[in-house]
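Overview (structure and organization)
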Amino acid sequence: MKSFNFLLNGKHEEKPRNSGLTMVLDKGLGLETAESLMKISGEYVDYLKFGWGTSIVHEQDIISKKVAMYQSYDIQPYTGGTLFELAYMNNKLEEFFQEAHNLGFKAVEVSDGSITLDHDKKLECIELACSEGFEVLSEVGKKDPVKDKEFSIEEKIDLMNAEKNAGSSKIIMEAREGGKNIGIFDESGKAKEDEIDQIMNNFDNTKILWEAPNKDQQVFFILKCGPNVNLGNISTEDITSLETLRNGLRGDTLGKL
Amino acid sequence: MKSFNFLLNGKHEEKPRNSGLTMVLDKGLGLETAESLMKISGEYVDYLKFGWGTSIVHEQDIISKKVAMYQSYDIQPYTGGTLFELAYMNNKLEEFFQEAHNLGFKAVEVSDGSITLDHDKKLECIELACSEGFEVLSEVGKKDPVKDKEFSIEEKIDLMNAEKNAGSSKIIMEAREGGKNIGIFDESGKAKEDEIDQIMNNFDNTKILWEAPNKDQQVFFILKCGPNVNLGNISTEDITSLETLRNGLRGDTLGKL
Amino acid sequence: MKSFNFLLNGKHEEKPRNSGLTMVLDKGLGLETAESLMKISGEYVDYLKFGWGTSIVHEQDIISKKVAMYQSYDIQPYTGGTLFELAYMNNKLEEFFQEAHNLGFKAVEVSDGSITLDHDKKLECIELACSEGFEVLSEVGKKDPVKDKEFSIEEKIDLMNAEKNAGSSKIIMEAREGGKNIGIFDESGKAKEDEIDQIMNNFDNTKILWEAPNKDQQVFFILKCGPNVNLGNISTEDITSLETLRNGLRGDTLGKL
């Protein structure tokens, strides 16, 4: 039973949940440290991203143990988008899917944040990953702010719809680890509300996963969309904080939900 | 024996100490990770705050183990102020005290940072918590900067005195986790020295616990008040750093104490 | 074998390596937490600095265990420069070397970032530490930005050469934990490229260890000098990130090396 359970209010859906999803960014935690964290707060994590190409520099043995550990907490671990992009660039998609299977991953991210990838080709990759049995999360947005601004919001929404139709279970809105001067956030990390509104009004919100690495961004989305908004790129040390924000148990959202 | 003990200078009092207290903010560490940290640096921690309402989303079993673990290092763990505020708002004070007892807490924080609470009522709550056998730390200040500025320093000092007289062992000066644009810190996190002087000149300094989450703030208080100033909202990763600052073992305070 | 090893490109040299060295800053990790981290990423760490005077406030038992643990991962742990400075100030150099030996350290840092130390005297200390059997890393630069700016780049290069000749294996360019308004970084943490060029053109680059605590700084040096630049003051949580940057496995350097 939860501590002080008489103050729990159920604003945030419990697992298994279809909305209010939390995606956490693992940038290289030790296995034991990660498990210690999951013991206390794993129930608040839905997706766990092995950030960008980090898995490539870690041993198979430890990655497969981390994957299995996260899965034992009913979390869907998946490979970062940059890993897919590297495999694609190097004509190693087949090996990529095979190795992801071997390591125990049941989901992968498909993105084109750092490479140039014809969108039809990206859609094919999404379909291919689905046919390989993976849940596919796909990301819209460029890591380079200049390139990212070449796309209008209308164009982004078209890309999102096409990716959803190709089989993506969630469309991730890029904000990187830092959350500044990227996608829907300006130089100071402030959310561009008009662009966000446009996206929200034209796309199934339950399929969007907003990257929101900083607390102010998390508060913004929770106050705007409610406790059951899907948020991602949450740092491992902020898992509990986010859960309290979603339930109005921290000053920033207390009494406002 | 300490490493390089011949360089230890005893500037910072040892436990059990009445001043130079350090309050650390736990925002959801795993039990094993927290214990690993206490093994190396637990002797430098006096109070350990389970931040805001975090305990509410964690299991009783793990919270009571964390409480007992911290106590085994002669640390006083206590419930964050927002937890009290939630209990008060929901008319659950009795259940709150009971559950705090059950989990092993011997101290609680009483605050009104996020709710409107008549000050006489707050004093009653402090008295009630004392009569329930808890050490009470109370906090002065609002989490909303606009609301916080409605109080003059004179008014704050009056509140502090009343809370001390009602039984608070320490009065906490609010600065949140971030330490910017809140209470005694300006937008950039710089300390407002005139306001701090006014408080220090009009209140028993050994009863004040200054929240000072950022290193520059810690350095400011140590250089101003000496190694045995009471500081709080120290992040778990800065426990050792603060102890070296207090003893002049880091560049910022070396040779200046 | 590495996960997705078919994407590994060998841009970054493997251990034992002579360039591409990574120095990590430990500011007080618990033993178990540090070991969990080394299990997954220890092969990417060459030097491990026990930051400034932190060891002084920790027990001999835990420091010697941490030293041995790091060494078991082929990492060279060493004492922070401020520790040497404190020993020097207190006329305790002999005890300092003896205790460093007892704790298992095989390397020490010699610096004068916080104290005034005649340069001939500093060179003598470097020679003395070498004759005591230690690998010596020495640091050039003052922690106080005002004092640091009293030295021209030409003067710094002269100091560096003299320290190398006195026996330093690496010359560390000071940037502290924060990396802003210090040495080669301006107030915003941006690298001063002209000063860096001047140093690089006049000193053996394989002997320089650039402190670069922030990701943008790491990216700057890797894009400028290649994957095998020596970088230091890497935080423990960024070890894996840095390794992916060095190998073009993160967006910032992907396709640019």
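Refer to the structure above for everything that follows.
In what follows, the accompanying structure is described. (Residues numbered from 1 in each chain as written. Chains lettered and ligands numbered in written order. Predicted model: local features only at pLDDT ≥ 70, side-chain atom pairs only at ≥ 80, totals over all residues. Heavy atoms only, no water.)

Assigned secondary structure in chain A consists of 10 helices and 8 strands. The C-alpha radius of gyration computed for chain A amounts to 18 Å, which stays within 12% of the reference 18 Å derived for 257 residues, consistent with globular compactness. Here the C-alpha coordinates of chain A stretch approximately 55 × 45 × 30 Å along the principal axes. Contacts spanning at least 24 positions in sequence make up 74% of the contacts within chain A whose residues lie at least 6 apart. Roughly 9400 Å² of accessible area belongs to chain A as shown, and the carbon and sulfur atoms make up 45% of that amount. A distance of 5 Å separates the average location of the 30 positive side-chain charges in chain A from that of its 45 negative side-chain charges. (Helix = DSSP H or I, 4+ residues; strand = E, 2+ residues; numbered from the N terminus. Rg over C-alpha atoms; globule rule 2.2 N^0.38 Å. Contact = heavy atoms within 4.5 Å. Areas by Shrake-Rupley, 256 points an atom, 1.4 Å probe, with all protein chains shown as cover. Lys, Arg positive; Asp, Glu negative; His and termini not counted. Charge placed at Lys NZ, Arg CZ, Asp CG, Glu CD.)

Bringing the relation of the copies chain B and chain A into the picture now. Relating one copy of the chain to the other takes a rotation about an axis and a shift parallel to that axis. Superposing chain B onto chain A takes a rotation of 120° plus a shift of 0.0 Å along the axis, which leaves an RMSD of 0.0 Å. Such a combination of turn and shift is consistent with a three-fold rotation axis. Taking C-alpha positions as the reference, the residue of chain B nearest the rotation axis is B:Thr33, at 3.7 Å. When the interface residues of chain B are mapped onto chain A, a mere 3% of them again fall at the interface, so the copies present different faces. (Least-squares fit on C-alpha atoms with pLDDT ≥ 70 in both.)

Let us now look at the environment of C:Ala34. Residue and element names in this part refer to chain C. Within the secondary structure, Ala-34 is located in helix H1 (residues 31–41). Taking the C-alpha atoms as reference points, Ala-34 and Ile-62, 28 residues apart in sequence, are found 12 Å from one another. When sequence neighbours within four positions are dropped, the list of residues in contact with Ala-34 reads Leu-29, Met-69 and Tyr-70.

Once that is clear, we can look at the interface of chain C and chain A. Taken together, the 29 residues of chain C in the interface contact 38 residues of chain A. Summing both sides of the interface, chain C and chain A together bury roughly 2800 Å²; the carbon and sulfur share of this comes to 61%. Sorting the residues of chain C by area buried against chain A places C:Phe4, C:Phe6 and C:Ile40 first, and these three jointly supply 25% of that buried surface. At the boundary of chain C and chain A, one finds 6 salt bridges. A:Arg176 is paired through a salt bridge with C:Asp252; the nearest N and O atoms lie 2.7 Å apart. Counting residues per element, the side of chain C that touches chain A draws most heavily on H1(C), which supplies 6 residues. (Buried area = accessible area lost by both parts, 1.4 Å probe. Salt bridge = Lys/Arg side-chain N within 4 Å of Asp/Glu carboxyl O.)

Turning next to the interface of chain B and chain A. Each side of the interface is counted separately: chain B has 38 residues, and chain A has 29 residues. Roughly 2800 Å² is buried in total at the junction of chain B and chain A, and carbon and sulfur atoms are behind 61% of that figure. The interface formed by chain B and chain A contains 5 salt bridges. We note a salt bridge from A:Lys2 to B:Glu59, for which the minimum N-O separation is 2.6 Å. Linking chain B to chain A there are 17 residue pairs in polar contact (both at pLDDT 80 or more). Every element with two or more residues in the side of chain B that touches chain A is listed here: helix H1 (31–41), helix H2 (60–72), helix H3 (81–89) and helix H4 (93–103) of chain B. When the residues that make up the side of chain B that touches chain A are grouped by side-chain class, the tally is 16 nonpolar, 12 polar and 10 charged. (Polar contact = N/O pair within 3.5 Å; in protein donor to acceptor, adjacent residues only side chain to side chain. Nonpolar A, V, L, I, M, F, W, Y, C, P; charged D, E, K, R; others polar.)

In this section: the state of the cysteines. All names here are of chain B. Per the stated rule, a full pass over the model turns up 0 disulfides over all chains. Distance from the sulfur of Cys-130, which forms no disulfide, to the nearest cysteine sulfur (Cys-125) is 11 Å. Accessibility expressed as a relative area gives 27% for Cys-130, which makes it partly exposed. (Disulfide = S-S within 2.5 Å. Buried < 20%, exposed > 50% of the residue type's maximum accessible area, 1.4 Å probe, protein only.)

Turning to the sheet that holds strand S4 (residues 107–110) of chain B, a few remarks are in order. Residue and element names in this part refer to chain B. The strand order around the closed barrel built from 8 strands is S1-S2-S3-S4-S5-S6-S7-S8, with neighbouring strands paired in parallel fashion. Neighbour to neighbour, the strand axes of the sheet diverge by 30° on average, direction disregarded. Relative to strand S5 (residues 135–140), S4 runs parallel, the two sharing 4 bridges. Bridge pairing links Ala-107 to Glu-135 in S5. In the packing of helix H5 (residues 119–131) onto the sheet, the strands contacted are S4 and S5, and the crossing angle to S5 comes to about 160°. (Pairing = 2+ DSSP bridges. Axes fitted to C-alpha atoms, helices over the stretch in contact; angles between N-to-C directions.)

Turning next to the side chain of B:Asn230. All names here are of chain B. Its place among the elements puts Asn-230 in the loop between helix H9 (215–225) and strand S8 (231–235). When its relative accessible area of 3% is taken as the criterion, Asn-230 is described as buried. Separated by 2.9 Å, the side chain of Asn-230 and the backbone nitrogen of Leu-21 make a polar contact. Aside from chain neighbours lying at most four places away, what touches Asn-230 is Ser-19, Gly-20, Leu-21, Lys-170, Asn-205, Thr-206, Ile-208, Leu-209 and Trp-210.

Another point: H4(B). Residue and element names in this part refer to chain B. The set of residues buried in H4 consists of Leu-93, Phe-96, Phe-97, Glu-99, Ala-100 and Leu-103. Taken around the axis of H4, the buried residues stretch over an arc of 165°, which confines them to a single face. Facing away from the buried side of H4 by over 90 degrees, the exposed positions are Glu-94 and Asn-102. Buried residues along H4 sit against H2, strand S3 (76–79), H3, S4 and H5. Note on H4: the residue one or two positions beyond its end, Gly-104, has a positive phi of about 100°. (Arc of directions from axis to C-beta.)

This part covers the relation of the copies chain C and chain A. Laying chain C over chain A is done by rotating through 120° and shifting 0.0 Å along the axis; what remains is an RMSD of 0.0 Å. Little of the interface of chain C is mirrored in chain A: 3% of its interface residues are interface residues there too.

What the rule picks out here adds up to 36 aromatic pairs over all chains. Ring geometry for A:Phe84 against A:Phe96: centres 6.5 Å apart, planes inclined by 65°, an arrangement best described as edge-to-face. Taken together, the residues span a long stretch of sequence, with A:Phe84 in helix H3 (residues 81–89) and A:Phe96 in helix H4 (residues 93–103) at a distance of 12 residues. Judged by relative accessible area, A:Phe84 falls into the buried class, the value being 0%. Taken together, the ring pairs in this structure connect A:Phe4, A:Phe6, B:Phe84, B:Tyr88, B:Phe96, B:Phe97 and B:Phe134 into an aromatic cluster. The lysine or arginine in question, C:Arg250, covers the ring of A:Trp52, its NZ or CZ lying 3.5 Å from the ring centre. (Phe/Tyr/Trp six-rings, centres within 6.5 Å; stacked < 30°, edge-to-face > 60°. Lys NZ or Arg CZ within 6 Å of the ring centre and 35° of its normal.)

Turning our attention to unusual backbone geometry. Excluding glycine, most residues fall at negative phi; most peptide bonds, likewise, are trans. All names here are of chain B. Of the consecutive residues Lys-15 and Pro-16, the connecting peptide bond is found in the cis state with omega at -10°. Summarising the element assignment, Pro-16 is placed in the segment before strand S1 (22–26). The residue Arg-176 is not glycine, and still its phi comes out positive at about 60°. By the secondary structure assignment, Arg-176 is in the loop between strand S6 (170–173) and helix H8 (193–201).

Next up on the list: the sheet that holds strand S8 (residues 231–235) of chain C. All names here are of chain C. The sheet built from 8 strands closes into a barrel, its strands ordered S1-S2-S3-S4-S5-S6-S7-S8 with parallel pairing. Going across the sheet, the axis of each strand differs from the next one's by a mean of 30°, ignoring polarity. As judged from the 2 bridges shared by strand S7 (residues 208–211) and S8, these two strands associate in the parallel manner. Residue Glu-211 lies in a different strand from S8, and its bridge partner there is Gly-232. Lying on the sheet, helix H5 (residues 119–131) is in contact with strand S4 (107–110) and strand S5 (135–140); it crosses S5 at an angle near 160°. Contacts from helix H10 (residues 239–246) reach strand S1 (22–26) and S8, with the element oriented near 135° to S8.

Turning next to the side chain of C:Lys143. By secondary structure assignment, the location of C:Lys143 is in the loop between S5 and helix H6 (145–148). Of the polar contacts made by the side chain of C:Lys143, one reaches the side chain of C:Glu174; its length is 3.0 Å. Excluding its chain neighbours within four sequence positions, the residues that come into contact with C:Lys143 are B:Gly251, C:Thr82, C:Gly113, C:Ser114, C:Glu174, C:Arg176 and C:Ile182.

Counting 217 residues, the largest nonpolar core has A:Trp210, A:Phe221, B:Trp210, B:Phe221, C:Trp210 and C:Phe221 as its most contacted members. Sequence-distant contacts of C:Trp210, that is, excluding residues within four places in its chain, are made with C:Met173, C:Ile184, C:Ile196, C:Ile199, C:Met200, C:Phe221, C:Val229, C:Asn230, C:Leu231 and C:Gly232. (Core = buried A, V, L, I, M, F, W, Y, C linked by side-chain atoms within 4.5 Å.)

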